[in-house]
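Each chain is listed here by its residues.
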Amino acid sequence: MRATIPAPERLEILWTLAWAAGLLFLLRFVSIQVLQHAHYRELAEKNRTQVIAQSAPRGRIISSDGELIASSKPSFSLVYFPGASVPPSYAERLAAALAGPLGMKEEVLKSSLRRAVTRETPARIAENLSVSAMFAISELKNIYSGIDVITEARRHYPFGSYLSHLVGYMGKMDAREWARYGALGGYGFDSKVGKTGLEKMYEKELRGKSGGIFMEVDSRGRLSRILESRKWVPGADIRLTVDSVVQSAAEEGLRKSLSGRGAVVALDPRNGAILAFASAPGYDPNSFVSYSDEEFPRQAEKIPEFNMAVQGTYPPASIFKIISAAAFLESGRIDPSEKVFCPGYYDAGSRVFKCWEKKGHGRMDFLDGLANSCDVYYYVSGLRAGPLSIEKQARAFGVGRPTGIRLSDERAGNLFGPTRRATRKSYWFVGDTLNLVIGQGETLATPAQMAVMIAAVASRGSLWKPFYVDRVVSPEGKTILSRSPEKTGEVRLRPETWDLIWRALKKTVDEGTGRPAIIKGVEVYGKTGTAQNPHGEDHAWFASFARIGDGEPRVAVAVLVEHGKSGSGSAGPIAKRVMEAALRDVLTPPPPPPAPAVEVSTIPAAAEIRASSGTVRPRVRVSTSPAAMPPVPPENPAPAADEEGDEGRGD
Amino acid sequence: MLSRVGLKKGRMDWVILAAAAGLLFIGTLAVFSSVGVLASYERIVRTHLIAIPVALLFFSVAWSLNYQVYQDQWKFVYGLSLLFLAGVLFFGVMDKGSRSWYRLPFFSVQPSELARIGLIVALANYLDRRGGKMREFGSSLGALLLSIPFLLLLMKQPDFSAILTTFPVVLAMIFCAGGGVAHIAIIVGYAAVSALFPILWTLLAMSPELAQNPLLGFFAGLSSFGWDTLLFVAAVGALAWFGWFLSVKLYSNLSGVFFTGAALVVIFGFFSGMLVRNQMKEYQQKRLEVFLSPESDPRGAGYNLIQARIGMGSGGVFGKGVFSGTQSRLGFVPERHTDFILAVVGEEMGFMGTGLVMTLYLTLLYRLKGAAQLARDRFGYLLCCGIFSLYMVYFLINFGMLLGFAPVAGVPLPLVSYGGSNLVATFFALGLAESVYSRRYALV
């Protein structure tokens, strides 16, 4: 047999084994402690810290006259910290105890408590607690460990559905939004973001910086100590160009209209600022604030999200005649004083086209033609001026092109004309010209486009890009972003043409179809329109602008009432109220008329938490022209919230 | 031999004491830090502070006495150790499913720690006496039989981790005494078979889909006594006989003893495995499962190892500073002051700390080896071999456990971990080694 290994050598073998193993251990130590150190450090940090995020108050949205359209209210959430080795029955008992005061189902509570226990992470059990619930919970807190109430800021829209289509609403993020915002940091999976409208478009400015309680917890999730309690930084305030009184007038008008459906867009023709932006029916963005994940999509489906002002496209009908009129006068083929006889119809050879007035208007010149909206005058003149010139003017006035307003999903409408037809490799018929000239046929426009068009007439050529944000003010009171009137084009017409159109529009209001819009002491220019609708009652249009004396026009408005039957009857009065509201400072009846809005009286105790000083900023009511708004007095900004808020502040 | 090992003359090997003191110092810091937030903080600190002087007393006593006394009185030492160990089954307290502690007014005593030193003494004496006959199988078997009462008593407690640290020491001592490698292989093979079956059954219990396999299903059925058992024994016997038949036909010079032995090893291993399986407590079962797949249950048993590693990894090179390890102080690292003390050292003192502990440990082992080689007689040599292999086993298992090379067996790291009995026993063992060293060339 083999020689046995001598004894001392055997000990050496064991020793070799020991140091070889030591070498192996050393490599492993280097690998874990040196090479993978960062990875393990991160894991250790994650282990020991828990964060309860507190969402920052979003920036407020304030109308140009100082009304608070959207604010943040303190809200109280119930948080559960999974405690030390609690028996399984604990969650059941706690759920049973909480179900009453919270008004929630016991099963729901139980499942969310259990989830918190198994995941060993603190969880929000309930949001937006009522005062009575809070009292109940503060008593339960002494009996059951692990529950606590934290303060957060919650979006609040004091006026409910007011201006809803412009403001939009908020909700929890979907996957796409998470991909977009998640990378920016500061968003948690349960953060709410603006889903539509201004809330979405100005998400970045409005958001602010979330705060949070950073806690050190032990292996059982028990709070060991608070590492840091980071205060939130509120978001920037947005000052709208929208005037609350004008807006109220518009919404009230639509609500009381024949169908209750429609849109009003009022612009300042001097810069394109939006004074009112209404689309009916609206919705109450508050209704989304407290909905849970599961309920949100269902709730979102129910609301009339369709923003008629920028998404509804309709034949502009007779208000298109303003564009046609411009084309006539510019073409040089029409003598404005020449009279055309209207027997009530026009025989185009293959087909007879009717005037809206079956009896006929008799002899009409340019001014009468527009004032009475005589179709026959437009058929005859349109054929003479030619469809190309009309299409050219329509293009110049922005038909078929989005206005560029900063809202998502704006529709472009449709430009109708021979060149467009040609690109589709189709023919242009005489009948098309006749349809084109009175704004029927394939021409489609949104109320916003028509507002821009009428503002262009009012400003004699400036095609504004409508904007609704006057400026964005940081919590420190600095203006981050201020309005910049922007033109998307210029309509170049001869001054005589403008003069004639203005005269015709004036005559329309004074003597023609636009009489419902007459305002005493104000020069009102306007045009009615009644869009034929094969699916029901005709849609009513009214486009107008107004000025005081010889001054510049200060308000231009386009009104659409779906199924409103006649532009003169249903859209005109709305336009009148809107213009009155916009010019109220000049009209000034000695006691200022109670604003047509009902909202003022229904303002809830608008508890705005300003994560700052705790004092309420005075509601600024600037009663000058919205366009020439003076700088708003510096508001007390500074973060550092008084979380108690200013409940009970009446107005 | 003096010149070969290069040790200086002296009454005592100060390096051993220095290394032990260094380890004790680091360990004390880590223990105090890791228990800082526990409710039992005061008790642990008090026990530790009592244990240190007691341990030094034991060290001095062991060092001053001539170690040869133990050889003369080996029967007394062996008997006392057995009695001490057996007594715990009657007078000990039940804690966490095992009865391994004597509860005394101020502290508890774990008899297995000191009894193990007694076993080493007895084995050293026996293997010394067998001097010239070490190549006989009987010598190895005798040493094994000498330790069997200890192992059975430990199994009765049950103290799985004590078995895990004691059995390899027995093997190492037989090896160092010059026992036949083949004999050791037989013992190892026997132990392996008896360990293999419980592992196999545990595996099958963990993943029942494996039992669908007919062969594995058959093995699964073997865990309880029945006709299958007889069939298995017969099959092993037949296989051995066939192997022998084949080797005869092939004119191989393997003797029939080899095949008989192999069959006997497998069969006895199998029955021992069955015994072990039926004796195994649930937590030991759990530990076995974790060793087989540590990642399977991140919140359960495997969680411990992961958390320990996170603690160690997060320490980096220089550590987070003593008393500021979050993983250990907040309780993420389990058994932080005992089995996973090294994770605490790693977190708070970083790679520097773990590297230092390892260096000190290797230094200690190196000097223990030196003491063994310097011993003036075979008994001293074997005594030091036993002590050396005991701490080597601790070193390998505890480090290996934390680093994922060995099962999470609940084996502490002597001198660093908290544990009064272990500390006293360790210093006593080091004292014995110093006694051997001191008396390397002088007649006292």
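Every value quoted in this text rests on a predicted model; they were computed, and no experiment measured them. All residue numbers refer to position in the chain's written sequence, counted from 1. For naming, the first written chain is A and the first written ligand is 1, with later ones following in the order written. Residues qualify for local features only when their pLDDT is at least 70, as the model is predicted, and side-chain atom pairs are given and counted only at 80 or more; totals for whole chains, interfaces and linings, by contrast, use all residues.

Student: Help me out: how do you make sense of the overall build of chain A in this one?
Tutor: Helix numbering and strand numbering both begin at the N terminus, where a helix is a DSSP run of H or I of at least 4 residues and a strand a DSSP run of E of at least 2. Scanning chain A for helices and strands turns up 24 helices and 23 strands. Scored against the burial criterion, the 651 residues of chain A give a buried share of 49%. Buried means a residue has 20 or more other C-beta atoms within 10 Å of its own C-beta, exposed means 12 or fewer, and partly exposed covers the counts in between; C-beta atoms are placed from the backbone.

Student: Looking at this model, I keep getting lost on the overall build of chain B. Mind explaining?
Tutor: Within chain B one finds 18 helices and three strands. Burial statistics for chain B: of 444 residues in total, 47% are counted as buried. Distance between backbone-placed C-beta atoms decides contact: two residues are in contact if it is within 7 Å. Counted over contacts in chain B with a minimum sequence separation of 6, partners at least 24 positions apart contribute 72%.

Student: Is there a simple way to explain the interface of chain A and chain B in this structure?
Tutor: For an interface, size is often stated in terms of accessible area lost upon the parts coming together. In this complex, chain A contributes 30 residues to the contact, which on the side of chain B involves 38 residues. For the side of chain A that touches chain B, the elements supplying multiple residues, two or more each, are helix H1 (7–35) and helix H2 (37–48) of chain A. With 17 residues, the top contributor of residues to the side of chain A that touches chain B is H1 of chain A. When the residues that make up the side of chain A that touches chain B are grouped by side-chain class, the tally is 16 nonpolar, nine polar and five charged. Only Asp, Glu, Lys and Arg are considered charged in this grouping, and only Ala, Val, Leu, Ile, Met, Phe, Trp, Tyr, Cys and Pro are considered nonpolar; every other residue, Gly among them, is considered polar.

Student: Quick question: what am I supposed to make of the packing of helix H8 (residues 160–177) of chain B against helix H17 (residues 378–403) of chain B here?
Tutor: Two measures define how a pair of helices packs: the angle their axes make with one another and the distance between the axes. Residue and element names in this part refer to chain B. Every axis in this analysis is a line fitted to C-alpha atoms, fitted for helices over the stretch in contact. Angles between the N-to-C directions lie between 0 and 180 degrees. Two numbers describe how H8 lies on H17: the axes approach to 8 Å, and their chain directions differ by 140°. Comparing the axis directions of H8 and H17 gives the class oblique. The two elements H8 and H17 meet at a crossing, and its hand is right-handed. Residues Leu164, Thr165, Pro168, Val169, Ala172, Met173, Cys176 and Ala177 of H8 pack against Leu382, Cys385, Gly386, Ser389, Leu390, Val393, Tyr394 and Ile397 of H17. Note that the term roughly parallel is reserved for angles under 35 degrees, roughly antiparallel for angles over 145, roughly perpendicular for angles of 65 to 115, and oblique for everything else. Rotating anticlockwise by less than a right angle from the far helix to the near helix defines a left-handed crossing, while the corresponding clockwise rotation defines a right-handed one.

Student: I keep staring at the sheet that holds strand E2 (residues 98–103) of chain B and nothing clicks. Help me out?
Tutor: Paired through their backbone hydrogen bonds, the strands of a sheet run either parallel or antiparallel. Residue and element names in this part refer to chain B. With antiparallel pairing, the three strands of this open sheet are ordered in space as E1-E2-E3. Where the open sheet ends on each side, the last strands, each with one partner, are strand E1 (93–95) and strand E3 (108–109). Pairing between strands is defined by DSSP: at least two bridges between the two strands are required. Bridging between E2 and E3 involves two bridges; their strand directions are antiparallel. Paired with Tyr102 across the bridge in E3 is Val109.

Student: Explain unusual backbone geometry here, please?
Tutor: Most peptide bonds take the trans form, and the phi angle of most residues other than glycine is negative. Geometrically, the link from Ala280 of chain A to Pro281 of chain A is a cis peptide bond, its omega value of 0° lying close to zero. Within the secondary structure, Pro281 of chain A is located in the loop between strand E12 (274–280) and helix H11 (286–289). Even without being a glycine, Lys565 of chain A presents a positive backbone phi close to 70°. Among the secondary structure elements, Lys565 of chain A is positioned in the loop between strand E23 (555–561) and helix H22 (567–582). Phi is positive for Phe323 of chain B, close to 70°, though the residue is something other than glycine. Looking at the secondary structure, you find Phe323 of chain B in the loop between helix H14 (301–315) and helix H15 (326–329). A tally of 14 C-beta atoms within 10 Å means that Phe323 of chain B is categorised as partly exposed.

Student: Explanation requested: H2 of chain A in the structure shown.
Tutor: One turn of an α-helix holds 3.6 residues; hence residues three or four places apart share an orientation. All names here are of chain A. The end-to-end C-alpha distance of H2, which contains 12 residues, comes to 16 Å, matching closely the 16 Å that a straight helix rising 1.5 Å per residue would cover. For H2, the full list of buried residues reads Tyr40, Leu43, Ala44, Asn47 and Arg48. On an axial view of H2, the arc spanned by its buried residues comes to 125°, and they lie on one face. Relative to its buried face, H2 has exposed residues pointing more than 90 degrees away, namely Ala38, Glu45 and Lys46. To estimate how far a helix should extend, the number of its residues minus one is multiplied by 1.5 Å. Along the arc lie the directions from the helix axis toward the C-beta atoms.

Student: What am I meant to see in the packing of helix H16 (residues 375–385) of chain A against helix H19 (residues 430–437) of chain A here?
Tutor: All names here are of chain A. Where H16 meets H19, the axes come as close as 9 Å, and the angle between the chain directions of the two elements is 120°. Overall, the two elements H16 and H19 adopt an arrangement that is oblique. Every pair of crossing elements has a handedness; the one defined by H16 and H19 is right-handed. Packed against H16, whose contacting residues are Tyr378, Tyr379, Gly382 and Leu383, the element H19 presents Val430, Thr433, Leu434, Leu436 and Val437 at the interface.

Student: How should the sheet that holds E23 of chain A be read in this particular structure?
Tutor: Residues and elements named next belong to chain A. Read from one edge of the open sheet, five strands run E12-E11-E23-E22-E21, paired in antiparallel fashion. Looking along the sheet, the strands with just one partner apiece sit at the ends: E12 and strand E21 (523–531). Between one strand and the next, the sheet's axes are offset by a mean angle of 10°, whatever the strand orientation. Packed on one face of the sheet, helix H10 (residues 244–256) meets strand E11 (262–267) and E12 and runs near 25° to E12. Its contacts with the sheet place helix H20 (residues 447–458) against E11, strand E22 (539–547) and E23, and it is angled at close to 150° to E23.

Student: Please explain the nonpolar core as it appears in this structure.
Tutor: Nonpolar side chains tend to gather and get buried jointly when the protein is soluble and globular. Residues Val264, Val265, Ala266, Ala451, Val557 and Val578 of chain A are the most contacted members of the largest nonpolar core, which totals 131 residues. For this core, the leading source of residues is H20 of chain A, giving 10 residues. For Val557 of chain A, the contacting residues outside a window of four places in its chain are Val264, Val265, Ala266, Ala451, Ser544, Ala575, Val578 and Met579 of chain A. To form a nonpolar core, buried Ala, Val, Leu, Ile, Met, Phe, Trp, Tyr and Cys residues must be joined through C-beta atoms within 7 Å. Counting 128 residues, the second largest nonpolar core, distinct from the first, contains Leu11 of chain A together with Val77, Met349 and Leu430 of chain B.

Student: How do you make sense of helix H3 (residues 41–64) of chain B when you look at a structure like this?
Tutor: Residue and element names in this part refer to chain B. Over its 24 residues, H3 extends 35 Å from the first C-alpha to the last, a length consistent with the 34 Å expected when each residue adds 1.5 Å. Of the residues making up H3, those classed as buried are His48, Ala55, Phe58, Phe59, Ala62 and Trp63. Against the buried residues of H3 lie helix H2 (14–34) and helix H18 (420–438).

Student: Is there a simple way to think about the environment of Tyr377 of chain A in this case?
Tutor: Residues and elements named next belong to chain A. Structurally, the position occupied by Tyr377 is in helix H16. Classification of Tyr377 by C-beta neighbours within 10 Å gives buried; the count is 30. Dropping the residues within four chain positions of it, Tyr377 is found in contact with Val340, Cys342, Met364 and Gly369.

Student: I would appreciate a short explanation of the pairing of E21 of chain A in the present structure.
Tutor: Working note: regular strand, side chains alternate between the two faces of the sheet. Residue and element names in this part refer to chain A. In terms of burial, E21 is largely enclosed, as eight of its nine residues are buried. Two strands pair when backbone bridges link them, and E21 and E22 are joined in this way by nine bridges, in the antiparallel orientation. Paired with Lys527 across the bridge in E22 is Ala543.

Student: Before we go on, may I ask you to explain the environment of Tyr394 of chain B in this structure?
Tutor: Residues and elements named next belong to chain B. Relative to the assigned elements, Tyr394 resides in helix H17. A count of 22 C-beta atoms within 10 Å places Tyr394 in the buried class. Between the C-alpha atoms of Tyr394 and Leu164, which are 230 residues apart in sequence, the distance is 9.4 Å. Apart from residues no more than four positions distant in its own chain, Tyr394 is found in contact with Thr165, Val411, Leu413 and Pro414.

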